[in-house]
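Residues per chain are reported as follows:
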Amino acid sequence: MNSGYTVPDYHYYENYRDFLIELKATYPISIYETTSLNFEGNNRSALLNHLQQNLSWTDFQQSSSSIPILKIDNELLRTVDIRTENNEVLQLGTRDDRVEVAVGSFYKDVLQIGDTFEDKITGKKYIITSFLDTNQEWISAGIYNSEIISLDLYFITSIDLKDYTDFSCMVYTDNIYVSLAPEEANTKIKEIENLAKNNDIYIDIVSFKENEASNISENKTLYNLSFLLSIIMFITVFVVIGIMAILSWMFDYHDIGILYANGFTDSDIRNIILHENLFKMVFPLMLSYGYLLSSMSDSGLDKSYSLLIYGVIIFIYAVEMILCSYLSYRFIRKYAPIRLLGGEGI
């Protein structure tokens, strides 16, 4: 359920929040927010040291000494099946006036169940009640966002709409689920839309299936164009590398003739051509690998998948250089060493 609406008057969002609170009492609505937490606690320094020692410098700088946190209600926790290290479905509430928190496995070395801390900004108090099972994932922002994050690095706590006031009511407006059975969906959606209209609230309820079909339709042309350009670029680079690799030897007759005159055999010449052609790939591969590492976090692709693509490209170009080396050698072998020494070619 998307708000799809932006206004400068924060009172609208407070009305929207109150509308959601009433709506949740009747309909299976779930809400979440991904944010960060600056906290005070006895183990703050140990936790920051743990972050600094185990995160890359870029990730540590981006964290700004804060902990990523997922605020989510229990209905959605049950739906998406986030589990604790004991393989139990995670459920969160309050304990001794403190908000319960589940902690990702990344923090097990520096935190333990029962630790307490306080949000420096809101003053809200928290207590760690469980650790999450490893290798669980979540989308980082809106419902339709495809970027995947690891919950190993996250704190998870419950969300309370009453805590949101003024413009803070805007942060979750695109992160709202309505879980409905297919046979009742149309009726319930109309009811919710009518209630929203009566409360002067704008909402847009779209099923995942409809949204996926719309995105595929909108992006199909762009995808086809991008794919075509990628193929053209690959073929162009492939042809240019091949031509350069072959021509660099086909017109170097005199030097090759000198090698023959100094007792080099056919296999020696073949190996020299092969080794030098492959060596020509080293510098471009180093540059491209550096670019791959620097852009990997922005590409949206999994690191292992990006490296797999890179490996396939290296293999293809290595095969091309071997083939070009063979063709260069076969062409050179057509000429007698004395002609090569005189620099005679085609």
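Cut-off values and rules
Residues numbered from 1 in each chain as written. Predicted model: local features only at pLDDT ≥ 70, side-chain atom pairs only at ≥ 80, totals over all residues. Heavy atoms only, no water. Helix = DSSP H or I, 4+ residues; strand = E, 2+ residues; numbered from the N terminus. Buried < 20%, exposed > 50% of the residue type's maximum accessible area, 1.4 Å probe, protein only. Contact = heavy atoms within 4.5 Å. Areas by Shrake-Rupley, 256 points an atom, 1.4 Å probe, with all protein chains shown as cover. Expected span 1.5 Å × (residues − 1). Phe/Tyr/Trp six-rings, centres within 6.5 Å; stacked < 30°, edge-to-face > 60°. Lys NZ or Arg CZ within 6 Å of the ring centre and 35° of its normal. Core = buried A, V, L, I, M, F, W, Y, C linked by side-chain atoms within 4.5 Å. Axes fitted to C-alpha atoms, helices over the stretch in contact; angles between N-to-C directions. Left-handed = near helix turned anticlockwise from the far one by under 90°. Nonpolar A, V, L, I, M, F, W, Y, C, P; charged D, E, K, R; others polar. Salt bridge = Lys/Arg side-chain N within 4 Å of Asp/Glu carboxyl O. pLDDT = per-residue confidence, 0-100. Pairing = 2+ DSSP bridges.

S.K.: Lay out the overall build of the protein with the relevant residues and their values.
M.R.: A count of helical and extended segments in the protein gives eleven helices and eleven strands. Across the 346 residues in the protein, those meeting the buried criterion constitute 34%. In the protein, of all internal contacts separated by at least 6 residues, the share reaching a separation of at least 24 is 73%. When the accessible surface of the protein is totalled, it reaches about 20,700 Å², and 56% of it is carbon and sulfur.

S.K.: Tell me what's going on with helix 1 (residues 10-24), and back it up with residues and numbers.
M.R.: For helix 1, with 15 residues, the first-to-last C-alpha span of 21 Å sits near the 21 Å given by 1.5 Å per residue. Among all positions of helix 1, only Y12, Y13, E14, Y16, R17, F19, L20 and L23 are buried. Buried residues belonging to helix 1 abut strand 1 (29-37), strand 11 (176-178) and helix 5 (182-198).

S.K.: Now, about the packing of aromatic side chains: what can you tell me, with residues and values included?
M.R.: Using the criterion set out here, one finds eight aromatic pairs in the structure. Aromatic pair F106 and Y107: ring centres 5.1 Å apart, planes at 85°, arrangement edge-to-face. Three or more aromatic residues joined by ring pairs form one cluster here, namely F106, Y107, F117, Y126 and F155. Between K108 and the ring centre of F131, over which it is positioned, the NZ or CZ distance is 5.6 Å. In this structure, R270 is placed above the aromatic ring of Y329, and the distance from its NZ or CZ to the ring centre is 5.8 Å.

S.K.: Tell me what's going on with the nonpolar core, and back it up with residues and numbers.
M.R.: Formed by 22 residues in total, the largest nonpolar core has its most connected members in M1, L20, I31, Y172, I176 and I203. Take this core: its biggest share by element is six residues, from helix 1.

S.K.: Residue-level account of the packing of helix 8 (residues 266-279) against helix 10 (residues 303-332), with values.
M.R.: In the contact formed by helix 8 and helix 10, the axes pass within 9 Å of each other and the chain directions differ by 145°. Considering only the axes of helix 8 and helix 10, their crossing is right-handed. Where helix 8 approaches helix 10, its residues D266, R270, I273, L274, N277 and L278 are matched on the opposing element by A318, M321, I322, C324, S325, S328, Y329 and I332. Here the contact of helix 8 with helix 10 is built from residues that sort into nine nonpolar, three polar and two charged.

S.K.: An account of the side chain of T84 is requested, with residue identities and associated values reported.
M.R.: Its place among the elements puts T84 in the loop between helix 4 (74-80) and strand 4 (94-95). Once residues within four sequence positions are removed from consideration, T84 is found in contact with L90, S130, F131, L132 and D133.

S.K.: Residues and numbers for the environment of L247, please.
M.R.: Relative to the helices and strands, L247 is located in helix 6 (residues 208-250). Taking relative accessible area as the criterion, L247 reaches 39% and is therefore assigned partly exposed. Residues L247 and S328 lie 81 residues apart in sequence; the distance between their C-alpha atoms is 8.0 Å.

S.K.: Can you tell me about the pattern of salt bridges, naming the residues and giving the values?
M.R.: Summed over all chains, the structure comprises seven salt bridges. Residue D81 is joined to R83 by a salt bridge in which the shortest nitrogen-to-oxygen separation is 3.1 Å. Take D81: its relative accessible area is 33%, and that puts it in the partly exposed class. By relative accessible area, R83 is classed as partly exposed at 23%. One salt bridge connects D163 with K124, and the closest N-O pair in it is separated by 2.3 Å. Taken together, the residues D163 in the loop between strand 10 (155-157) and strand 11 and K124 in the loop between strand 6 (116-119) and strand 7 (125-131) connect sequence positions 39 residues apart.

S.K.: Go over the confidence of the model for the protein, please, and point to the residues and values.
M.R.: Per-residue pLDDT for the protein averages 79, and the proportion of residues at 70 or more is 87%. Averaged pLDDT values for the elements of the protein fall to 54 in helix 3 (residues 57-63) and rise to 93 in strand 5 (residues 98-103).

S.K.: Quick rundown of the pairing of strand 5? Include the residues and the values.
M.R.: Taking burial as the measure, the six residues of strand 5 include five buried ones, the bulk of the element. As paired strands, strand 4 and strand 5 are joined by two bridges and run antiparallel to one another. Note on strand 5: the bridge partner recorded for R95 is R98. Hairpin connection from strand 4 to strand 5: two residues lie between these consecutive antiparallel strands, with D96 at a positive phi of about 55°. Note: strand 5 against strand 7, five bridges, orientation parallel. Opposite A102, over in strand 7, you have S130 as the bridge partner.

S.K.: So what's going on with the pairing of strand 1? Which residues, and what values?
M.R.: Taken together, the three bridges between strand 1 and strand 11 define a ladder with antiparallel strand orientation. When the bridges of strand 11 are listed, I29 appears paired with V178. Two strands pair when backbone bridges link them, and strand 1 and strand 3 (residues 67-72) are joined in this way by six bridges, in the antiparallel orientation. By the bridge assignment, T35 is partnered in strand 3 with I69.

S.K.: Account for unusual backbone geometry, naming residues and giving values.
M.R.: The backbone phi angle of N87 is positive, close to 65°, even though this residue is not glycine. Structurally, N87 is set in the loop between helix 4 and strand 4. Positive phi outside glycine occurs at D200, with the angle close to 60°. Position of D200 among the secondary structure elements: in the loop between helix 5 and helix 6. Given the relative accessible area of 65%, D200 is considered exposed.

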